[in-house]
Structure formats: structure tokens, C-alpha cells
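Residues per chain are reported as follows:
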Amino acid sequence: MADETALHDFPSLFSLKGKVVVVTGGSRGLGLNAASAFLQAGASTVFITSRKAKACESAVAQLNALPNLSPGARAISAPADSSTMEGIASLVAQVKKHTAHVDILFANAGATWGEAFDSHPDGAFAKVMDLNVRAVFNTIREFAPLLQARARLEDPSRVLITASVAGLGIGTLGKQATFGYSASKAAVLHLGRNLAVELGPRHITVNSICPGFFPTKMSSGLLEMSGGLDKHARGNPMRRLGQPEDIAGVVVYLSSRAGSHVNGAAIEIDGGSLWARGGLLDAGEEDKAKL
Ligand SMILES: NC(=O)c1ccc[n+]([C@@H]2O[C@H](COP(=O)([O-])OP(=O)(O)OC[C@H]3O[C@@H](n4cnc5c(N)ncnc54)[C@H](OP(=O)(O)O)[C@@H]3O)[C@@H](O)[C@H]2O)c1
């Protein structure tokens, strides 16, 4: 009988040694958190892309100054607008100047819009759907040849999509309602499931992450207008908001050998807030004292 305690090369199970990664929306926020994690888990090259060249360069400088990078590991700036086909083509061309393959694509760039139902603008709805859904599809399709180049049964390439718990439950309602955003995140989650089945036979997994509230440039306005960070932290079952390590752990897991048979999944990173709605909306006095 086989030795059921034998796990092949356990020390490398979560390693991303030598992997080539592209992170859209990588210049700040969750994308930059993830880029740091990819590099610190052993990736050899991480391409950082967003619209603003200066922001990409500054993120790359920060990443390349990390003290614990593998020898030769580097972040590279590749500014591009993911919402246009020209932008995506430019991104692919910039990446191809350095590599003939990509192991991990983190389709993370996204936008939101908050406005009441009666005045929720068509233009904003369209812009959010465009970047959060159509651009994700186009980016994955245009990167497919590079992702396939080294993908193998035993070591599939990975696509990660940043969705949101707003795509699983109801988004923000009221004055700052996020109808387009919530619908876009539900749509991109289902796109991920479709692509998981389509691309699985090409040895590419497709999974989504569903963050709850993380304090970033995108969420800070909404957090402030809806009662502030502390109120949201108190309303979370884990009594805090998300932090960079919460993103880091999940993206490294999904990108590593440990996650190689996870396909079509959507992983919530929200402290359980999705399931607390209507129940645990705020901490009681006893809990507040512990915060
Ligand atoms: N923070 C949260 O609480 C939270 C919760 C759930 C889901 N998410 C999702 O997480 C992802 C990242 O959000 P974040 O909170 O980190 O926001 P963020 O700090 O505002 O970062 C957004 C990133 O996307 C880039 N970007 C925006 N439009 C782009 C475009 N057209 N082409 C290329 N890059 C573009 C931005 O850079 P440029 O301005 O230079 O283009 C920036 O790097 C989004 O998909 C968001 O929906 C966030």
C-alpha cells in the first residue's frame, strides 16, 4: 500500500520559484499587495501594469527594493489602459519584449461608481462593466498564447480574477449605490467559471477572489461615507477589515502547486462578512470593549 503520509516535495508546495507574472491594476492597492507576495514567494518577473506610467514606475521601484527577493528577481513597469483593445495589445507587446511565456495572470484592474438609483448614470454603468468584465475577458484572451506556452498537466498556468463579495451578495445601496459594480462583479465571477472549463484542457486554471472591504484608494471614499473604517471593522465577524497579507495568502495559494487542482472557484476574503448581513451588523458593547 502506498505511503499516505508521503507528500511530494512539501517544502516547495507554496513556492512560486521562477514564475513569470502579470498584474493588472498593479500600481497600488490589492494589485500591489499581490505583486509583493508573488515576488516574495519566489517569482522571477512581475509585470506591473496600470494606466499611469509614473505610478507603475514608483510601484516597481518599491517592489525591487524589497529585501528578500530571489537572486535576479525583478518587477517591470508596463503601463497600459486595460479598458481598450489597443491598451491590451500594447501590454502584451511590452511583456513579449522580455519573455515568451507567462505563468500567472492576475486580472485585477477594476473601477467602481457610487450613485443613487434614480440618478445612476448610464455612462458610469457602462464604464464599470467595460473595465470589470469586458476588459478582463479581452485580457485573458490576448494573454492565452503566452499562458499556454509553458502550461503543463502537472504545472498548469493560472489566471486569477479580482471579483468582490459585492458580486455574491448585494452591493452598496442608497445614496452611494454600486449597481453597475455589483452586477459587474457577479458577471465576472461567472465569466471565470466559464473560462475555467474552457481553458482547463489547455492546462490553465481560472479562479476568482472575492475581497470584502480593504482600505484602498477605491474603497476609502465609500468607507468614509458609510460610517468609517471602525464601524465597518466592528460589523465584521472577525472585527477587522482586510489587510495585505489576506490577499497575499490567497493569491500565492491559488498560483502555487498547492492550488493546481482548484479551478472555477471563487474564494471570499472578507472575514465572513457576506454571511453576517442582517445578523451581525455591529458589535455589542461587550465586543467593542475588546476591539
Ligand atoms: N478595496 C476593496 O475593498 C475591494 C473590495 C472588493 C474588490 N476589490 C477589487 O479589487 C481590485 C483592485 O481594487 P483596489 O481596491 O486595489 O483599487 P485601487 O487602489 O483604486 O487600484 C486600482 C488599480 O487599477 C488601475 N486601473 C484603473 N483603471 C485601469 C485601466 N483602465 N487600465 C489599467 N489599470 C487600471 C489603477 O491604476 P491607474 O489609475 O494608474 O490606471 C490601480 O492600479 C478591483 O477590481 C476592485 O473592484 C476591491
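Described below are features of the structure shown in this document. (Residues numbered from 1 in each chain as written. Predicted model: local features only at pLDDT ≥ 70, side-chain atom pairs only at ≥ 80, totals over all residues. Heavy atoms only, no water.)

## Points about the site of the ligand
Phase 1 of the analysis: Taken together, 29 residues form the shell around the ligand, and within it Ser-27, Ser-50, Arg-51, Tyr-181 and Thr-216 come nearest.
Phase 2 of the analysis: Ser-27 is positioned with one of its side-chain polar atoms (N or O) 2.7 Å from an oxygen atom of the ligand.
Phase 3 of the analysis: Here Gly-212 contributes a backbone N or O atom positioned 3.3 Å from an oxygen atom of the ligand.
Phase 4 of the analysis: Computed on the free molecule, the ligand has an accessible area of 880 Å², of which 97% lies beneath the protein chains in the complex.
Phase 5 of the analysis: Listing elements by their share of the shell around the ligand, those giving two or more residues are α1 (29–40), α5 (179–199) and α6 (217–225).
Phase 6 of the analysis: Ranked by the residues each element gives to the shell around the ligand, the list is headed by α6, at 3 residues.
Phase 7 of the analysis: Its residues placed into classes, the shell around the ligand shows 10 nonpolar, 13 polar and 6 charged. (Near = heavy atom within 4 Å. Polar contact = N/O pair within 3.5 Å; in protein donor to acceptor, adjacent residues only side chain to side chain. Areas by Shrake-Rupley, 256 points an atom, 1.4 Å probe, with all protein chains shown as cover. Helix = DSSP H or I, 4+ residues; strand = E, 2+ residues; numbered from the N terminus. Nonpolar A, V, L, I, M, F, W, Y, C, P; charged D, E, K, R; others polar.)

## Things to note about the pattern of salt bridges
Phase 1 of the analysis: Taken as a whole and judged by the stated rule, the model has 7 salt bridges.
Phase 2 of the analysis: Between Asp-155 and Lys-19 there is a salt bridge, and its shortest N-O distance comes to 2.8 Å. Note that Asp-155 is positioned in the loop between α4 (122–148) and β5 (157–162) and Lys-19 in the segment before β1 (20–24), a separation of 136 residues in sequence.
Phase 3 of the analysis: Residue classification places Asp-155 among the partly exposed positions, given a relative accessible area of 24%.
Phase 4 of the analysis: Lys-19 sits in the buried class, given a relative accessible area of 14%. (Salt bridge = Lys/Arg side-chain N within 4 Å of Asp/Glu carboxyl O. Buried < 20%, exposed > 50% of the residue type's maximum accessible area, 1.4 Å probe, protein only.)

## Concerning the environment of Gly-29
Phase 1 of the analysis: Within the secondary structure, Gly-29 is located in helix α1.
Phase 2 of the analysis: On the basis of relative accessible area, Gly-29 is assigned to the partly exposed category, the value being 25%.
Phase 3 of the analysis: Counting along the chain gives 188 residues from Gly-29 to Lys-217, while the straight-line C-alpha distance between them is 6.9 Å.

## A look at the pairing of strand β2 (residues 45–49)
Phase 1 of the analysis: With respect to burial, β2 is a largely interior element, 5 of its 5 residues being buried.
Phase 2 of the analysis: Side-chain alternation along β2 places Thr-45, Phe-47 and Thr-49 on one buried face and Val-46 and Ile-48 on a second face that is also buried.
Phase 3 of the analysis: Where β1 meets β2, 5 bridges bridge the pair, whose relative direction is parallel. Bridging across to β2, Val-21 finds its partner in Val-46.
Phase 4 of the analysis: One crossover worth recording links β1 to the parallel β2 by way of α1, and it is right-handed.
Phase 5 of the analysis: Sheet analysis places β2 next to strand β3 (residues 74–77), joined by 4 bridges and oriented parallel. Of the residues in β3, the one forming a bridge with Val-46 is Ala-75.
Phase 6 of the analysis: For the handedness criterion, the β-α-β arrangement of β2, helix α2 (residues 53–64) and β3 is classed as right-handed. (Pairing = 2+ DSSP bridges. Right-handed = clockwise from strand over helix to strand, strands pointing away.)

## Some thoughts on α2
Phase 1 of the analysis: Here α2 spans 16 Å end to end across 12 residues, near enough to the 16 Å set by a 1.5 Å rise per residue.
Phase 2 of the analysis: Those residues of α2 lying buried are Cys-56, Ala-59, Val-60 and Leu-63. The arc enclosing the buried residues of α2, seen along the axis, measures out at 100 degrees, which places them on a common side. Residues of α2 that are exposed and point more than 90 degrees away from the buried face comprise Lys-54 and Gln-62.
Phase 3 of the analysis: Contacts made by the buried residues of α2 are with α1, β2 and β3. (Expected span 1.5 Å × (residues − 1). Arc of directions from axis to C-beta. Contact = heavy atoms within 4.5 Å.)

## Overview of the sheet that holds β3
Strands pair in a sheet through their backbones, by hydrogen bonds, and they do so in one of two ways: parallel or antiparallel.
Phase 1 of the analysis: Strands sit in the order β3-β2-β1-β4-β5-β6-β7 across an open sheet of 7 strands; the sheet is parallel. Two strands bound the open sheet, and with one partner strand each, they are β3 and β7 (266–269). Each strand of the sheet is rotated relative to its neighbour by a mean of 20 degrees, with strand direction disregarded.
Phase 2 of the analysis: Relative to β7, strand β6 (residues 204–211) is paired through 4 bridges, and the arrangement is parallel. Residue pairing for β7: Ser-208 is matched across the bridge by Ala-266.
Phase 3 of the analysis: Each of β2 and β3 is contacted by α2, which is oriented at about 175 degrees to β3, the strand it contacts most. (Axes fitted to C-alpha atoms, helices over the stretch in contact; angles between N-to-C directions.)

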